[in-house]
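Structural overview
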Amino acid sequence: MNVLHFINAFFSDSAHWKGYDGIPTRLSEHIQYSLTALAIAAAIGLPLGLLTGHTGRGGNTVAFIATAGRALPSFGLLVLMFVLLGLGLTPVMIPLVVLAVPPILVTTYEAVRSVDPSPVDAARGMGMAEPRILFQVELPVALPLILSGLRSAAIQIVSTATIAAYVSLGGLGRYIVDGLYQRNYEKVVGGATLVAVLALLTLGLFGAVARFTVSPGVRRSAP
């Protein structure tokens, strides 16, 4: 039986579309975990990235955080948090947030640092306050790169949120974990397919957001 047969069998089974283990329920849980982790990571990474990028201070700290965050294995951190904190959503959120902060932080920092200094110097010469320079001069130009960092973090979270199933939570990872345990490869392939589709939809969503939030002039000049 090939992969396409497994996919067709999984999605054509009406039992997979209803109940607590149905696709709508598991998809909703997965999206909820992903959005929560992304919101927390953005609340940490964006302000730090904007501040360090604007002031030019803390570059070494940003690099250290990025390296440390990327070096930590998500599954290993999940197991450690589960041992320390027990069952619940917190042990899942911690590794997802640790995974997502580095791309948001580093990309935001680099985006602000790469803004042409000429308009920034002109704004300072006109007497603009530093917060206004950051949000009215630097941020609009840096926005495409900042969104790319958020997009990268979101896709990583969506792909990794399957680990929630390993600590008895829901989400699309339930199909993969339960399918492996039951030797039900139809369920494994179906769950993996749903995660891949959700990641692609996330990619498309950020593309649409960029089209509506980034000014055409900045979009044309972006690499």
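Reading the values: the criteria
In this numbering scheme, every chain counts its residues from 1 along its sequence in written order. Restriction of local features to residues with pLDDT of at least 70 applies here, the model being predicted, together with a cutoff of 80 or more for giving and counting side-chain atom pairs; totals for whole chains, interfaces and linings are based on all residues. The basis for the side-chain values is all heavy atoms of the structure; hydrogens and waters are excluded. Secondary structure is summarised from DSSP: a helix means a run of H or I of at least four residues, a strand means a run of E of at least two, and numbering begins at the N terminus for each. For every residue, the accessible area (1.4 Å probe, protein chains only) is compared with the maximum for its type, and the residue is labelled buried under 20%, exposed over 50%, or partly exposed between those bounds. Any two residues whose heavy atoms approach within 4.5 Å at even a single point are treated as in contact. With axes taken as lines fitted to C-alpha atoms, and helix axes fitted only over the stretch in contact, angles between N-to-C directions fall between 0 and 180 degrees. Helix crossings get a hand from a simple test, with the near helix turned counterclockwise from the far one by less than a right angle marking a left-handed crossing and a clockwise turn marking a right-handed one. For this classification, the nonpolar set comprises Ala, Val, Leu, Ile, Met, Phe, Trp, Tyr, Cys and Pro, the charged set comprises Asp, Glu, Lys and Arg, and every other residue, Gly included, is treated as polar. What makes a salt bridge here is a side-chain nitrogen of Lys or Arg within 4 Å of a carboxyl oxygen of Asp or Glu, nothing more. pLDDT runs from 0 to 100 and stands for how confident the predictor is about each residue. Joining through side-chain atoms within 4.5 Å is the link that ties buried Ala, Val, Leu, Ile, Met, Phe, Trp, Tyr and Cys residues into a set, and such a set is a nonpolar core.

Glancing now at the overall build of the chain. Helix and strand content of the chain: ten helices and zero strands. What you see in the chain, going N to C, is helices and strands ordered as α-α-α-α-α-α-α-α-α-α. Every one of the 223 residues in the chain was classed for burial, and the buried ones make up 44%. For the chain, long-range pairs separated by at least 24 residues make up 75% of all intrachain contacts whose partners lie at least 6 apart in sequence.

Running from amino to carboxyl end, helix α6 (residues 117-125) crosses helix α7 (residues 130-160) at an angle of 140°, the nearest separation of the two axes being 10 Å. Two packed elements cross with a definite hand, and for α6 against α7 that hand is right-handed. Contacts from Pro 119, Val 120, Ala 123 and Arg 124 of α6 reach α7 at Glu 130, Ile 133, Val 137 and Glu 138. In terms of residue class, the contact of α6 with α7 is built from five nonpolar, no polar and three charged.

Bringing the pattern of salt bridges into the picture now. Within the structure shown, the criterion is met by five salt bridges. Across the pair Arg 26 and Asp 21 runs a salt bridge, and its minimum N-O distance is 2.9 Å. Asp 21 carries the same exposure label as Arg 26, and that label is buried. Linking Asp 21 and Lys 187 is a salt bridge whose minimum nitrogen-to-oxygen distance equals 3.9 Å. Taken together, the positions of Asp 21 in the loop between α1 (3-12) and α2 (23-55) and Lys 187 in helix α9 (residues 185-213) put the pair 166 residues apart, joining distant regions of the chain. Comparing Asp 21 with Lys 187, the two get one shared label, buried. Taken together, the salt bridges that share partners define one network made up of Asp 21, Arg 26, Glu 29 and Lys 187.

Below, the discussion takes up the confidence of the model for the chain. Mean pLDDT for the chain: 88, with 96% of residues reaching 70 or above. Highest mean pLDDT in the chain belongs to α2 (94); lowest belongs to helix α10 (residues 216-221) (56).

Each turn of an α-helix holds 3.6 residues, which means side chains three or four residues apart point in the same direction. Extensive coverage of helix α8 (residues 173-182) is indicated by the burial of seven of its ten residues. For α8, the complete set of buried residues consists of Gly 173, Arg 174, Tyr 175, Ile 176, Val 177, Asp 178 and Gly 179. For α8, the elements touching its buried residues are α1, α2 and α9.

To continue, consider the nonpolar core. Residues Leu 38, Val 92, Leu 96, Ile 104 and Leu 150 are the most contacted members of the largest nonpolar core, which totals 42 residues. Residue assignment for this core shows that the elements contributing at least two residues are α2, α3 (59-71), α5 (90-113), α6 and α7. A per-element tally of this core places α5 first, with twelve residues. Discounting chain neighbours no more than four positions away, the residues touching Leu 96 are Ala 37, Ile 157, Thr 160, Ala 161 and Ile 163. The next biggest cluster of nonpolar side chains, apart from the first, holds nine residues, and it includes Phe 10, Ile 23, Leu 172 and Ala 199.

A relative accessible area of 9% places Lys 187 in the buried class. Not counting chain neighbours up to four residues away, the residues in contact with Lys 187 comprise Phe 10, Asp 21, Tyr 175, Asp 178, Gly 179 and Gln 182.

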